[in-house]
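So you can see what is in the structure, the chains are spelled out below.
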Amino acid sequence: MNGSILRLREMDQRWGSSDYPPISVSGVDFVEAEIRLSWRFPEPYRQALLEVGLLRVTADLWEAIDEAEADLPHLGDFFSPAEAVAATEAWITNGMPDDLIAFAGDSGGNLFAFNRRGGDVVWYFDHDFQSVDQLASSFEAWLATYCRLAPA
């Protein structure tokens, strides 16, 4: 099993809620988005969302980030493939580099993204400063940074 699936399950156990279980995503959802984007989502990400679904993390994660004084953005919701297309198209017209594809947002409206040039490196687009920073070398590594936090 791919490590991203295990990490996404761990994220759901640690920071999700049974009141808001992950939302199922289908292969068709990805295909439609990929056609619109003329780009294919990284396989580790794609497999993890097909297996686990879209996470809806609780504010407990934000509290853990603050308690640990971790230099991590407050992860909000994962975008459905259609939402990823909409967010990407909207933010490219508002300053996000056109080589990024958004897949999740934070509590301040900034975006987590992949780069069209390939791989599953996770990037962070800060809309206030129009800056892009690498957050993790892979989707799995990015998830691991949130999984390592202790509950507040």
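This text gives an overview of the structure that appears in the document. (Residues numbered from 1 in each chain as written. Predicted model: local features only at pLDDT ≥ 70, side-chain atom pairs only at ≥ 80, totals over all residues. Heavy atoms only, no water.)

1. Topic: a negative patch on the surface
Thought 1: On the surface, a cluster of negative charge is made up of Asp 60, Glu 63, Asp 66, Glu 67 and Glu 69.
Thought 2: As for its position among the elements, Glu 63 is in helix α4 (residues 59–68).
Thought 3: Since its relative accessible area comes to 45%, Glu 63 is described here as partly exposed. (Patch = residues over 30% accessible without salt bridge, like charges linked within 9 Å, V, L, I, M, F, W, Y side chains within 5 Å. Areas by Shrake-Rupley, 256 points an atom, 1.4 Å probe, with all protein chains shown as cover. Salt bridge = Lys/Arg side-chain N within 4 Å of Asp/Glu carboxyl O. Lys, Arg positive; Asp, Glu negative; His and termini not counted. Charge placed at Lys NZ, Arg CZ, Asp CG, Glu CD. Helix = DSSP H or I, 4+ residues; strand = E, 2+ residues; numbered from the N terminus. Buried < 20%, exposed > 50% of the residue type's maximum accessible area, 1.4 Å probe, protein only.)

2. Here's the deal with the packing of helix α1 (residues 3–15) against helix α3 (residues 43–51)
Thought 1: In contact at an axis separation of 8 Å, α1 and α3 are set at 45° when each is read in the N-to-C sense. In terms of orientation, α1 lies oblique with respect to α3. The hand of the α1/α3 crossing is right-handed. Along the contact surface, α1 presents Ser 4, Ile 5, Leu 8 and Arg 9, while α3 presents Pro 44, Gln 47, Ala 48, Leu 49 and Glu 51.
Thought 2: Residue composition of the contact of α1 with α3, by class: five nonpolar, two polar and two charged. (Axes fitted to C-alpha atoms, helices over the stretch in contact; angles between N-to-C directions. Parallel < 35°, antiparallel > 145°, perpendicular 65-115°, else oblique. Left-handed = near helix turned anticlockwise from the far one by under 90°. Contact = heavy atoms within 4.5 Å. Nonpolar A, V, L, I, M, F, W, Y, C, P; charged D, E, K, R; others polar.)

3. Re α1
Thought 1: If you check α1, its first and last C-alpha atoms are 18 Å apart, about what 13 residues at 1.5 Å a residue would give, namely 18 Å.
Thought 2: Of the residues making up α1, those classed as buried are Gly 3, Ser 4, Ile 5, Leu 8, Met 11 and Trp 15.
Thought 3: In this structure, the buried residues of α1 make contact with α3, α4, β1 (75–78) and α6 (139–147).
Thought 4: Two or three places before Ser 4, at the start of α1, stands the capping residue Asn 2, its side-chain oxygen 2.6 Å from that residue's backbone nitrogen. (Expected span 1.5 Å × (residues − 1). Polar contact = N/O pair within 3.5 Å; in protein donor to acceptor, adjacent residues only side chain to side chain.)

4. Some thoughts on the sheet that holds β1
Thought 1: A sheet is described by the order of its strands in space; here five strands give the open sequence β1-β2-β3-β4-β5, paired in antiparallel fashion. Because the sheet does not close on itself, it has two edges, and the strands there are β1 and β5 (131–136). Taken over all neighbouring pairs, the strand axes of this sheet differ in orientation by 40° on average, direction set aside.
Thought 2: Direction of pairing for strand β3 (residues 111–115) relative to strand β4 (residues 122–126): antiparallel, over a ladder of three bridges. The residue bridging Leu 111 from the neighbouring strand is Phe 125, located in β4.
Thought 3: The strands touched by helix α5 (residues 81–92) within the sheet are β1, β2 (100–106), β3 and β4, with β2 carrying the most contacts at an inclination of about 105°. (Pairing = 2+ DSSP bridges.)

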